[in-house]
Amino acid sequence: MNAMPFVLGAFAFFALAYRFYYSFIAVKVLMLSDNEVAPSIRLFDQNNYYPMPKWIVFGHHFAAIAGAGPLVGPVLAAQFGFMPGFIWMLVGAVMAGGVHDMVILTASMRYDGKSLAEIAKAEISSFSGTITSVAVLIILIIALAGLGVVVINALAESSWGTFTIAATIPIAIFMGLWMFKFRKGRTVEATIIGVILLSLAVIYGKFIPGSPFESWFTFDRKTLTILLASYGFLASVLPVWLLLSPRDYLSSIMKLTVIFMLAVGIIMVAPEIKMPSFTPYIHGGGPIIPGSLFPYLFITIACGAISGFHALVSSGTTPKMIMKESHIQQIAVGSMLAEGMVSILALIAATSLFPLDYFQINVSPEKFTQILPQLQALGFTQTNLLSLSSQVKEVIAGRPGGAVSLAVGMAQVFSAIPGLSGLMSYWYHFAIMFEALFILTTIDAGTRIARFILQEAFGKVYPPFGRPNWIIGNLITSFLVVFAWGYFIYTGSVSTIWPMFGVANQLLATLALAIGTSFLINRGKRRYIWVTVIPMTFVGITTIAGGVMNMVNIYIPQISVLKTRVQGTVNTFLTTIILICVLLIVTEAVKQWFNGGKPLELTRK
């Protein structure tokens, strides 16, 4: 199969959905209006609430939601074949992901930028708000720890990658000062300066290895964990205009530029998709994902179609920066559809490899030896791995996780563009850094969001914590959040809970859609609740099934083995807690729906 029609078809489908389906939701379902003063203006505090131009907010929002999911998930799910992932990302991003993000962002703006838990409390019940807080905090800490591990693994002992990522911090601070202090409103100037500086950091980062500065940017995993935690703490407490927003905006420019280049490269090169449309692994027993297509495809591919983490950004940092409700569609839906496109391009890049090479990269050498006869029986006999390893100057076999196979696939596409051949090694390392940057921007926003949630919870006991601009509360809660996810990474304990993150993330999306449905019903929009109920039902059923199957087939059996007892116990306990929380909230919401909804004190909300 030629990849070009799939790229052009996806672009056209997303463009039509944005223009027609989401315009209908904006006008008829959510009734977006600029008549009310946005929270960013009304509650302006120069720290958390800060009105910003829509493209700056778009940059922040896209950078915050686009973590490991849209890159790694589709690559791992390619073991089922090309078509299952492509169809789910195409349909899921439009019918589920964009709706999820847009509804929650609108609801949060109308509740002064409050968190998902506070929206649940107002729209359903106080009990639901409390349970949501518990579920969200657990899931968020797991997500940040898991994403942090990916960054650490990508940057450990890599002076080139660490230099480029580190350079984005002073560049972003300079951009923030330029846009908001020195040359207020001169976004274009700051963008040009930032892009030039970032480009220089990427280009000259190649010369750091072997230079006198190499030791300055070469760290082991433990040291990198401490540095990453320190960065997360600073990003959480500093004003959004100084570091978080300009850095995410700068990162988004790089991300979108690379994705645009990849799309153009695929259209120019027109690579063949070498992975079959469907593989026998759709029935289970795959070497990368042991489970069957249902429900594991919908758990493995998260952010590219729908992700509960997006609800945290949409009810965390973003609603505190938007200047007008009319910007919501561009920011929420535009970011989600862009992320869907990222996922589709990642899938194409990975499946352009020979299937035998794809599996050899994504499983351990020992396991590959065991499954080699099975792969050859499926007709996967062609290989190019030795040549690829030589070109990228790295050993790429036995590097599971999806990141390496994606980087090789991207480098292969870029190197095939006329005039860019012979640069395979550069493109490979550039792609690895690109993936790390993609993930890191999620960590800084996620830490700040977790801090907001913790402050709201502590504010019930000691009211000053409930004020987002109380500096002491900011410092305490930021430290607690960073310490929690940093501890998991530092001790290596995160390996015991990462397997259930996919389930937890999609359960959070189910929870958010249930809250969004209550939001619509309470505003007299019952006739339109199919917009949220259909994706909620589908995602809920698949994810609950996946959670139960994980416990029965993986976690509980681990408990009976001494070596994996702790891992199995932790996974079982956390999965059970999250499942119970989501079921309780959905049950509470459904009861309210059938009772006619909840009368609200403030009709505009």
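Residues numbered from 1 in each chain as written. Predicted model: local features only at pLDDT ≥ 70, side-chain atom pairs only at ≥ 80, totals over all residues. Heavy atoms only, no water.

A. Up close: the overall build of the chain. Each helix and strand counted, the chain has 23 helices and zero strands in total. In summary, the chain has a C-alpha radius of gyration of 23 Å against a globular reference of 25 Å for 605 residues, a match within 12%. Taking all 605 residues of the chain together, the buried fraction comes to 60%. Restricting to contacts in the chain with at least 6 residues of sequence separation, those with at least 24 account for 85%. With the model as given, the accessible surface of the chain reaches about 22,400 Å², and the carbon-plus-sulfur share is 70%. Charge centroids of the chain, computed over 36 positive and 23 negative side chains, lie 6 Å from each other. (Helix = DSSP H or I, 4+ residues; strand = E, 2+ residues; numbered from the N terminus. Rg over C-alpha atoms; globule rule 2.2 N^0.38 Å. Buried < 20%, exposed > 50% of the residue type's maximum accessible area, 1.4 Å probe, protein only. Contact = heavy atoms within 4.5 Å. Areas by Shrake-Rupley, 256 points an atom, 1.4 Å probe, with all protein chains shown as cover. Lys, Arg positive; Asp, Glu negative; His and termini not counted. Charge placed at Lys NZ, Arg CZ, Asp CG, Glu CD.)

B. The arrangement of the side chain of Ser518 in detail. Inspection of the secondary structure puts Ser518 in helix H21 (residues 501–521). Looking at Ser518, its side chain comes within polar contact range of the side chain of Trp593, at 2.8 Å. Discounting residues that sit within four places of it in the chain, Ser518 has contacts with Glu123, Ile124, Ala589, Gln592 and Trp593. (Polar contact = N/O pair within 3.5 Å; in protein donor to acceptor, adjacent residues only side chain to side chain.)

C. The arrangement of H21 in detail. Helix length check: H21 (21 residues) gives 30 Å between terminal C-alpha atoms against 30 Å at 1.5 Å per residue, within 8%. Buried residues dominate H21, accounting for 21 of its 21 residues. (Expected span 1.5 Å × (residues − 1).)

D. Representation of the pattern of salt bridges in the model. Within the structure shown, the criterion is met by four salt bridges. A salt bridge links Arg42 to Asp112; its shortest N-O distance comes to 2.8 Å. Residue Arg42 is located in helix H2 (residues 39–42), and its partner Asp112 is located in the loop between helix H5 (82–110) and helix H6 (116–123); the two are separated by 70 residues in the primary sequence. Judged by relative accessible area, Arg42 falls into the partly exposed class, the value being 44%. The closest approach of N and O atoms between Arg110 and Glu325, which form a salt bridge, is 3.1 Å. Of this pair, Arg110 sits in helix H5 while Glu325 sits in the loop between helix H13 (308–314) and helix H14 (328–351); the two residues are 215 residues apart in sequence, bridging distant segments of the chain. (Salt bridge = Lys/Arg side-chain N within 4 Å of Asp/Glu carboxyl O.)

E. Fine view of the packing of helix H8 (residues 159–182) against helix H9 (residues 187–204). Between H8 and H9, the shortest axis-to-axis distance is 9 Å and the interhelical angle comes to 165°. As judged from the angle between their axes, H8 and H9 are roughly antiparallel. For H8 against H9, the interelement crossing comes out right-handed. Here H8 contributes Trp160, Phe163, Thr164, Ala167, Thr168, Ile171, Phe174, Met175, Trp178 and Met179 to the contact with H9, which in turn contributes Thr187, Glu189, Ala190, Thr191, Ile193, Gly194, Leu197, Leu198, Ala201 and Val202. Across the contact of H8 with H9, the residue classes break down as 14 nonpolar, five polar and one charged. (Axes fitted to C-alpha atoms, helices over the stretch in contact; angles between N-to-C directions. Parallel < 35°, antiparallel > 145°, perpendicular 65-115°, else oblique. Left-handed = near helix turned anticlockwise from the far one by under 90°. Nonpolar A, V, L, I, M, F, W, Y, C, P; charged D, E, K, R; others polar.)

F. Unusual backbone geometry, seen in detail. Along the chain, Phe294 connects to Pro295 via a cis peptide bond; the corresponding omega equals 10°. Along the polypeptide, Pro295 turns up in helix H12 (residues 293–300). Despite not being glycine, Ala270 shows a phi value in the positive range, around 50°. One can find Ala270 in the loop between helix H11 (244–269) and H12.

G. Fine view of the layout of surface pockets. Here the second largest pocket is characterised by a volume of approximately 320 Å³. What lines the second largest pocket is a set of 15 residues, and nearest its centre among them are Phe11, Gly334, Leu337, Ala338 and Met341. Residue assignment for the lining of the second largest pocket shows that the elements contributing at least two residues are helix H1 (4–29), helix H3 (54–65), H11 and H14. Here the element with the most residues in the lining of the second largest pocket is H14; it accounts for six residues. Considered class by class, the residues forming the lining of the second largest pocket number 13 nonpolar, two polar and no charged. (1 Å grid on protein atoms, 1.4 Å probe; cavity = no way out; pocket = protein on both sides within 12 Å on 5 of 7 lines; lining within 4 Å. Points joined across faces, edges and corners; volume = space filled by probe spheres on them.)

H. Seen up close, the environment of Ala509. Assignment of secondary structure puts Ala509 in helix H21. For the pair Ala509 and Leu378, spaced 131 residues apart in sequence, the C-alpha to C-alpha distance is 36 Å. If we ignore the near neighbours within four places in the chain, the residues touching Ala509 are His100, Ile306, Ser307 and Gly308.

I. A look at the confidence of the model for the chain. On average, residues of the chain carry a pLDDT of 85, and 95% of them reach 70 or more. Per-element confidence in the chain is highest for H5, whose mean pLDDT is 96, and lowest for helix H19 (residues 424–459), whose mean pLDDT is 77. (pLDDT = per-residue confidence, 0-100.)

J. Examining the environment of Ser115 more closely. Mapped onto the secondary structure, Ser115 falls in the loop between H5 and H6. For the pair formed by Ser115 and Pro319, sequence separation is 204 residues and the distance between their alpha carbons is 9.7 Å.

K. Just the packing of aromatic side chains, in detail. Inspection of the entire model under this criterion finds 28 aromatic pairs. Ring geometry for Tyr21 against Tyr22: centres 5.2 Å apart, planes inclined by 70°, an arrangement best described as edge-to-face. For Tyr21, a relative accessible area of 16% gives the class buried. Given the relative accessible area of 0%, Tyr22 is considered buried. Aromatic ring contacts, followed pair by pair, group Trp88, Phe294, Phe298 and Phe538 into a single cluster. Its end group placed over the ring of Phe354, Lys274 keeps NZ or CZ at 5.3 Å from the ring centre. (Phe/Tyr/Trp six-rings, centres within 6.5 Å; stacked < 30°, edge-to-face > 60°. Lys NZ or Arg CZ within 6 Å of the ring centre and 35° of its normal.)

L. A nonpolar patch on the surface, seen in detail. A cluster of nonpolar side chains, Phe174, Val188, Ile192, Ile196, Leu197, Leu200, Ile203, Tyr204 and Phe207, forms an exposed patch at the surface whose accessible area comes to about 860 Å². Here the nonpolar patch takes seven residues from H9, the largest share from any one element. The topology assignment puts Ile192 in helix H9. (Patch = residues over 30% accessible without salt bridge, like charges linked within 9 Å, V, L, I, M, F, W, Y side chains within 5 Å.)

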